[in-house]
Amino acid sequence: MAAIAFFSALLTRRATTLPQPSRSKGLIRFIKGAPLLVTMVFMYGFADIAAISAMPAYLVHVGFSQAFAATAVTMVALPTAISQPVVGWLLDHVNRPAIGIGAALLASVSFFLIPFIEGGPAFLIVFAMLGAASFALYTCALTLLGERYSGDALVSGSAAYSLAYAAGSGSGSTVVGAVMSGHSLAAGPVTIGAALAVFALFYMLREWRRLR
């Protein structure tokens, strides 16, 4: 690492042009101007990584095998590809904020159902639902970004999305893991469901005020 830093500094000193100005101001401006879109991606990262990392541990602790837990994780990811044509069609023909709200609510309900499920097939169905719904939330955020922004603002938005996903995924696995360890196993999926429900409610209120 020290060698890389040394040669980077040497090349910088020999360069005939200066680096481009930092885009951090554009990034901050985008986050301030579109907090709802950034929060949407944050919630996707929160729910997605929590489902992939914490829910398998939940399944093993309630008595399922590790093989079944791995299959359940596959069911989180697999429906995202299958459902994308449907989500794309809906985003083209239905109010896009409504799709985002509906996706957040469906993902929330899916997580709330987990503590009440006992059978393996029901778990797989619910995991497929939450995977498809959470990814639809992200797809909606990407669509709204492309619809509302272009040029440098679009670049800043893409960078903001990357940061939001990283922050959401990091906090999702940490918070849900801590809740499951400190309280109960059921508190994990309930926490994710509650966070998604709060976001959906906030989104609905925001849209209602905008349309008044």
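Scroll up a little and you will see the structure.
Asks: What should I look at first to understand the overall build of the chain in this one?
Replies: Scanning the chain from terminus to terminus reveals eight helices and zero strands. Across the chain, helices and strands are ordered from the amino to the carboxyl terminus as α-α-α-α-α-α-α-α. Within the chain, buried positions represent 39% of all 212 residues. When contacts within the chain are restricted to residue pairs at least 6 apart in sequence, long-range pairs at least 24 apart make up 82% of them. A total accessible area of about 11600 Å² is found for the chain, and carbon and sulfur atoms account for 69% of it.

Asks: Sorry, what's going on with the nonpolar core here?
Replies: Residues Met40, Met55, Phe111, Ile114, Phe127 and Ile192 are the most contacted members of the largest nonpolar core, which totals 52 residues. Elements represented by at least two residues in this core include exactly helix 2 (24-33), helix 3 (35-61), helix 4 (66-93), helix 5 (96-113), helix 6 (120-148), helix 7 (151-182) and helix 8 (187-211). Looking at this core element by element, the count peaks at 14 residues for helix 3. The residues contacting Ile192, other than those within four sequence positions of it, are Phe46, Ala47, Ala50, Met55, Phe111 and Val176.

Asks: Could you clarify how one ought to interpret the environment of Phe46 in this entry?
Replies: Along the chain, Phe46 turns up in helix 3. Overall, Phe46 belongs to the buried group, its relative accessible area being 8%.

Asks: Would you mind going over the packing of helix 6 against helix 7 with me for this structure?
Replies: Across the interface, helix 6 lies against helix 7 with an axial gap of 10 Å and an inter-helix angle of 160 degrees. Here helix 6 is positioned roughly antiparallel relative to helix 7, judged by the angle of their axes. Note on packing geometry: the crossing formed by helix 6 with helix 7 is right-handed. For the pair helix 6 and helix 7, the contacting residues are Ala141, Leu142, Leu145 and Gly146 in the first and Leu154, Gly157, Ser158 and Tyr161 in the second. Taken together, the residues of the contact of helix 6 with helix 7 break down into five nonpolar, three polar and no charged.

Asks: Please clarify how helix 4 should be interpreted in this entry.
Replies: With 28 residues, helix 4 should cover 40 Å at 1.5 Å per step; its first-to-last C-alpha distance of 41 Å lies within 8% of that length. The principal kink in helix 4, of about 50 degrees, is found at Ser83, preceding the proline Pro85 by one to four residues. Residues of helix 4 that are buried make contact with helix 3, helix 5 and helix 6.

Asks: Sorry, what's going on with the layout of surface pockets here?
Replies: If you roll a probe as big as a water molecule over the atoms, it shows you where there is empty space left. Approximately 160 Å³ is the volume found for the second largest pocket. The set of elements that each furnish at least two residues to the lining of the second largest pocket consists of helix 3 and helix 8. Each residue belonging to the lining of the second largest pocket can be placed in one class, and the counts come to five nonpolar, one polar and four charged.

Asks: Can you help me understand the packing of aromatic side chains in this one?
Replies: Any two aromatic rings considered together are summarised by their centre-to-centre distance and by the angle between their planes. Going through the model one piece at a time under the given rule, you end up with 12 aromatic pairs. Between Phe30 and Tyr161 the ring centres are 6.4 Å apart and the planes differ by 70 degrees, which places this aromatic pair in the edge-to-face class. Of this pair, Phe30 sits in helix 2 while Tyr161 sits in helix 7, and the two are 131 residues apart along the sequence. Assessed through its relative accessible area of 3%, Tyr161 is described here as buried. With centroids separated by 6.0 Å and ring planes inclined at 55 degrees, the aromatic side chains of Phe135 and Tyr138 adopt a geometry described as tilted.

Asks: I tried to follow the packing of helix 5 against helix 6 on my own but got confused; where do I start?
Replies: Relative orientation and spacing of two packed helices are given, respectively, by the angle between their axes and the distance between those axes. The geometry of helix 5 relative to helix 6 is characterised by a closest axis approach of 8 Å and an angle of 155 degrees between their N-to-C directions. By the angle between their directions, the pair helix 5 and helix 6 is classed as roughly antiparallel. For helix 5 against helix 6, the interelement crossing comes out left-handed. Between helix 5, through Arg96, Pro97, Gly100, Ala103, Ala104, Leu106, Ala107, Ser110, Phe111 and Leu113, and helix 6, the contact on the second element is made entirely by Val126, Met129, Leu130, Ala133, Ser134, Ala136, Leu137, Cys140, Thr143, Leu144, Glu147 and Arg148. Grouping the constituent residues of the contact of helix 5 with helix 6 by class yields 15 nonpolar, four polar and three charged.

Asks: I would appreciate a short explanation of the pattern of salt bridges in the present structure.
Replies: Any two side chains of opposite charge can pair, so long as their charged atoms come close to each other. The tally for this structure, following the rule as stated, stands at three salt bridges. Glu147 is paired through a salt bridge with Arg96; the nearest N and O atoms lie 2.4 Å apart. You can see Glu147 sitting in helix 6 and its partner Arg96 sitting in helix 5, a full 51 residues away along the chain. Glu147 sits in the partly exposed class, given a relative accessible area of 46%. Note that Glu147 and Arg148 form a salt bridge whose closest N and O atoms lie 3.9 Å from each other.

Thresholds applied
Residues numbered from 1 in each chain as written. Predicted model: local features only at pLDDT ≥ 70, side-chain atom pairs only at ≥ 80, totals over all residues. Heavy atoms only, no water. Helix = DSSP H or I, 4+ residues; strand = E, 2+ residues; numbered from the N terminus. Buried < 20%, exposed > 50% of the residue type's maximum accessible area, 1.4 Å probe, protein only. Contact = heavy atoms within 4.5 Å. Areas by Shrake-Rupley, 256 points an atom, 1.4 Å probe, with all protein chains shown as cover. Core = buried A, V, L, I, M, F, W, Y, C linked by side-chain atoms within 4.5 Å. Axes fitted to C-alpha atoms, helices over the stretch in contact; angles between N-to-C directions. Parallel < 35°, antiparallel > 145°, perpendicular 65-115°, else oblique. Left-handed = near helix turned anticlockwise from the far one by under 90°. Nonpolar A, V, L, I, M, F, W, Y, C, P; charged D, E, K, R; others polar. Expected span 1.5 Å × (residues − 1). Bend = angle between axes of the 7 residues up to and from the residue. 1 Å grid on protein atoms, 1.4 Å probe; cavity = no way out; pocket = protein on both sides within 12 Å on 5 of 7 lines; lining within 4 Å. Points joined across faces, edges and corners; volume = space filled by probe spheres on them. Phe/Tyr/Trp six-rings, centres within 6.5 Å; stacked < 30°, edge-to-face > 60°. Salt bridge = Lys/Arg side-chain N within 4 Å of Asp/Glu carboxyl O.

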